[in-house]
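Listed here are the chains, written in short residue letters.
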Amino acid sequence: MPFNRAHPERYSQSAVGLVLALVSKLSTAARRLVLGRPFRSDKLAHTLLPKRIALPVFASDALSSVAYAPEEIFLVLSVAGLTSYSVAPWVGLAVAAVMMVVIASYRQNVHAYPSGGGDYEVVTTNLGHTAGLTVASALLVDYVLTVAVSMASAMSNIGSAVPFIAQHKVLFAVVAILVLASLNLRGIRESGTAFAIPTYAFMIGMYLMLGWGFFQIFVLGHELRAESAGFEMHSEHGDVLGLAMVFLVARAFSSGCAALTGVEAISNGVPAFQKPKSRNAATTLLLLGGIATTLFLGIIMLAKETGAKMAENTDQLVGAPPGYHQKTLVAQLADAVFHDFPIGLYAIAGVTALILVLAANTAFNGFPVLGSILAQDRYLPRQLHTRGDRLAFSNGILFLAFAAIAFVVAFRAEVTALIQLYIVGVFVSFTLSQIGMVRHWTRLLRIETDPAVRRHMMRSRVINSVGCVCTGTVLVIVILTKFLAGAWIAILAMSSLFVIMKLIHKHYATVSRELEEQEESAGDMVLPSRNHAVVLVSKLHLPTRRALAYARATRPDVLEAITVSVDDAETRQLVHEWEESDVSVPLKVIASPYREITRPVLDYVKRVTKESPRTVVTVFIPEYVVGHWWEQVLHNQSALRLKGRLLFEPNVMVTSVPWQLNSSERLKKLAPQSAPGDARRGFLD
């Protein structure tokens, strides 16, 4: 029977269930339209990726970096004027060398640790949980920033051609993130197929631009000139010499190392590859390294040959017309190469903008897998370990999307502000991962006796040692050159996430230890000897009679009905009706001088349990089942509060006895025979 005498405060659990059933039915069509039909768990192999799909899925971030990493090098060097451009090819070669070392190092990782833990598993296994959690926090933050930076950069590029998008780039970036999340919620294989075409279009388009440009210059002897080639560029701060120049080159190198972001995603996504997983992942890594390196160096060399200039401040460009709008480096090169073929320029601009949008897909594949592993290790909420309708880690995808949206909104989709937070995390994970791999091979070499296997391990250890030195050096350079420029925000975010995961793990460990201790003492636990049933009553009508009948069917040792007297006239009327009825269960009246309901019932239940510690008290609470949200405001409010308090009492069980009002029939029509999980299993179609 409902307790409706108090002021309504919130909905009951039964109402929430009914509302969820209604929402599930109404949203089924939309869910199927966005996500498609759900997959059975035994269809997981359906989502595994062949190499031709895995390359665009996991490499879109690293490949998209080619579109802006060379430009970042020129922008940083422009501070010292045109003469500093002479070191750009050498900076590019240094970045390319580090990239190939990292690729070679991670090929060892995917063979040694194919389970998908990537850097987190490598570091945790070899350096301990604290170091592993440091890597995990760095990677999670970097994945979020990958989405935010990629979307902000894409909107900036598109906004250069479409002013309306530039004026509302935050909104468009948010919408793009939500669309990308929806594609990934459909499952990895389907999102991979959707992303394969534009990613391959970008690669083919860039190779055609570079190939045709170099062919015209070195074979046909044509002189290709970028639109900024005729400008002079002066130093922003006068002559930059000595240590200042060294620092500037180091900063250019650290900015160019943005081209390495995304390499670790393949080692984290090995489980998504078709068998043989490790070999396919290693092959994909090699393909990624070759493509990214050639495109990166090709853009730098073509920029040098065409005389393209990029300046952090357009006032540095002497000879530029008033109001000159600086195009991106790729756009300038495409304009110079396809000067007589406008379609080529538009095609390069289009695929470049598109690959920047799709670059975030690498994070959408890496973040959920890493989040699932961390959840399994009890460092993140268990919900992140659950696969959704399409066998993707839906909760991880949604968490990443909303976190990236928060960064985009907070920094107003400004690439200049977001880029300073970038790549710190990825080089933290690079360095610790390579240290872990060196320790891994050292440990195995102590017990391995086969000469051939030992030679292979020693070669792998040398590769990872070189990788450790290179990535560690880059990490120091990145921190020194970018800390005050904004990298401190990323480091603060990593530290905060590290502490939060430690606290989550501590909570799970405390709960586990508590249950283990209780289980050990279960043999000495005093078992219940009696069941004392209590039915709560406010009126004598059908819901009350049903609750009494159900309570009697449980065959308790003691059965009684209780009512709380908050109004003397109503209580006298109820007692009179009770005595005149055929109900054989005794009715107890509990006085409530302050017109409370919850406290007197709690005191009565506590008194019963105190008098007989081995007695279990079962409280039966009648509740209305309604069909409209506003009806819930009018019913069940006291029952909700009372249940919430009784749950904390030891040796007390709470049972809700539903009574369906006529209005509840409408929910049966909307969601017939629905139950929790029916929408996910496709039963509500």
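Source: prediction; values computed, not measured. (Residues numbered from 1 in each chain as written. Predicted model: local features only at pLDDT ≥ 70, side-chain atom pairs only at ≥ 80, totals over all residues. Heavy atoms only, no water.)

Caption draft 1: Inspection of the sheet that holds strand E5 (residues 587-591) at higher detail. What the 5 strands build is an open sheet, ordered E5-E4-E3-E6-E7; its pairing is parallel. If you trace the sheet from one side to the other, it starts and ends with E5 and strand E7 (652-660), each paired once. Adjacent strand axes in the sheet meet at a mean angle of 30°, parallel and antiparallel pairs treated alike. Bridge count between strand E6 (residues 615-625) and E7: 9 bridges; the pairing is parallel. Each residue of the ladder has a partner; that of Val617, found in E7, is Val652. (Pairing = 2+ DSSP bridges. Helix = DSSP H or I, 4+ residues; strand = E, 2+ residues; numbered from the N terminus. Axes fitted to C-alpha atoms, helices over the stretch in contact; angles between N-to-C directions.)

Caption draft 2: Expanded view of the side chain of Thr431. Turning to its location among the elements, Thr431 is positioned in helix H17 (residues 424-447). For Thr431, the side chain forms a polar contact with the main-chain oxygen of Thr471, separated by 3.3 Å. If we skip the residues at most four places from it in the chain, Thr431 touches Cys468, Thr471, Gly472 and Leu475. (Polar contact = N/O pair within 3.5 Å; in protein donor to acceptor, adjacent residues only side chain to side chain. Contact = heavy atoms within 4.5 Å.)

Caption draft 3: Region of interest: the nonpolar core. Among the nonpolar cores identified, the biggest contains 154 residues, and Phe364 and Leu374 are the most heavily contacted of them. In terms of residue count, helix H5 (residues 129-161) provides more of this core than any other element does, 18 residues in total. Among all residues touching Phe364, those that are not within four sequence positions of it are Val147, Ile177, Leu180, Ala181, Asn184, Ile397, Leu400 and Ala401. Counting residues in each nonpolar core, the second largest holds 18 residues, with Ile562, Val608, Val617 and Val619 among its members. (Core = buried A, V, L, I, M, F, W, Y, C linked by side-chain atoms within 4.5 Å. Buried < 20%, exposed > 50% of the residue type's maximum accessible area, 1.4 Å probe, protein only.)

Caption draft 4: Structural detail: unusual backbone geometry. With a phi close to 65°, Arg378 is a non-glycine residue in the positive phi region. As for its position among the elements, Arg378 is in the loop between helix H14 (360-376) and helix H15 (394-410). Residue Arg378 is classed as partly exposed on the basis of its relative accessible area of 30%. The phi torsion at Asn651 lies on the positive side, around 60°, for a residue other than glycine. Tracing the chain through its elements places Asn651 in the loop between helix H23 (637-646) and E7.

Caption draft 5: View of the pattern of salt bridges. For the coordinates displayed, the defined rule picks out 6 salt bridges. Taking the shortest distance from any N to any O, the salt bridge between Arg225 and Glu223 comes out at 3.9 Å. According to the relative accessible area criterion, Arg225 is partly exposed, its value standing at 45%. Between Glu649 and Lys606 there is a salt bridge, with the nearest N and O atoms lying 3.9 Å from each other. Here the residue Glu649 occupies a position in the loop between H23 and E7, and Lys606 occupies one in helix H21 (residues 598-611), the gap between them amounting to 43 residues. (Salt bridge = Lys/Arg side-chain N within 4 Å of Asp/Glu carboxyl O.)

Caption draft 6: Focus on the packing of helix H13 (residues 342-358) against H14. Where H13 meets H14, the axes come as close as 4 Å, and the angle between the chain directions of the two elements is 20°. It follows that H13 is roughly parallel to H14 by the angle criterion. Within the contact between the two elements, H13 uses Leu356, Val357 and Leu358 and H14 uses Ala360, Asn361 and Thr362. A per-class count over the contact of H13 with H14 returns 4 nonpolar, 2 polar and no charged. (Parallel < 35°, antiparallel > 145°, perpendicular 65-115°, else oblique. Nonpolar A, V, L, I, M, F, W, Y, C, P; charged D, E, K, R; others polar.)

Caption draft 7: Spotlight on the packing of aromatic side chains. Summed over all chains, the structure comprises 11 aromatic pairs. The interplanar angle of 15° and the centroid separation of 5.9 Å between the aromatic rings of Phe367 and Phe399 together place this pair among those described as stacked. Highlighted residues: Phe367 in helix H14 and Phe399 in helix H15, separated in sequence by 32 residues. Judged by relative accessible area, Phe399 falls into the partly exposed class, the value being 49%. Ring geometry for Phe427 against Phe430: centres 5.1 Å apart, planes inclined by 80°, an arrangement best described as edge-to-face. Residue Phe427 and its partner Phe430 are both found in helix H17; the two are separated by 3 residues, about one turn of the helix. The rings of Tyr106, Phe427 and Phe430 are connected pair by pair, giving a single aromatic cluster. (Phe/Tyr/Trp six-rings, centres within 6.5 Å; stacked < 30°, edge-to-face > 60°.)

Caption draft 8: Structural detail: H23. Burial within H23 is extensive, with 7 of its 10 residues counted as buried. Taken as a whole, H23 has its buried residues at Gln637, Ser638, Ala639, Leu640, Leu642, Lys643 and Leu646.

Caption draft 9: Inspection of the pairing of E6 at higher detail. With 11 of its 11 residues buried, E6 lies for the most part within the structure. Alternating positions in E6 separate into two faces, Thr615, Val617, Val619, Ile621, Glu623 and Val625 on one and Val616, Thr618, Phe620, Pro622 and Tyr624 on the other, with burial throughout. Note that strand E3 (residues 530-536) and E6 share 6 bridges and pair parallel. Paired with Arg530 across the bridge in E6 is Thr615.

Caption draft 10: View of the environment of Gly627. Within the element layout of this structure, Gly627 appears in the loop between E6 and helix H22 (629-634). Of the residues examined, Gly627 reaches a relative accessible area of 8% and is grouped as buried. Taking C-alpha positions, Gly627 is 7.8 Å from Leu661, a pair spaced 34 residues apart along the chain.

Caption draft 11: Local environment of the pairing of E3. Along E3, 5 of the 7 residues are buried, which leaves the element largely enclosed by surrounding structure. Here E3 pairs with strand E4 (residues 558-565) via 5 bridges, running parallel. Counted as the bridge partner of Val535 is Ala561 from E4. The parallel pair E3 and E4 is bridged by helix H19 (residues 542-553), and the resulting crossover is right-handed. (Right-handed = clockwise from strand over helix to strand, strands pointing away.)

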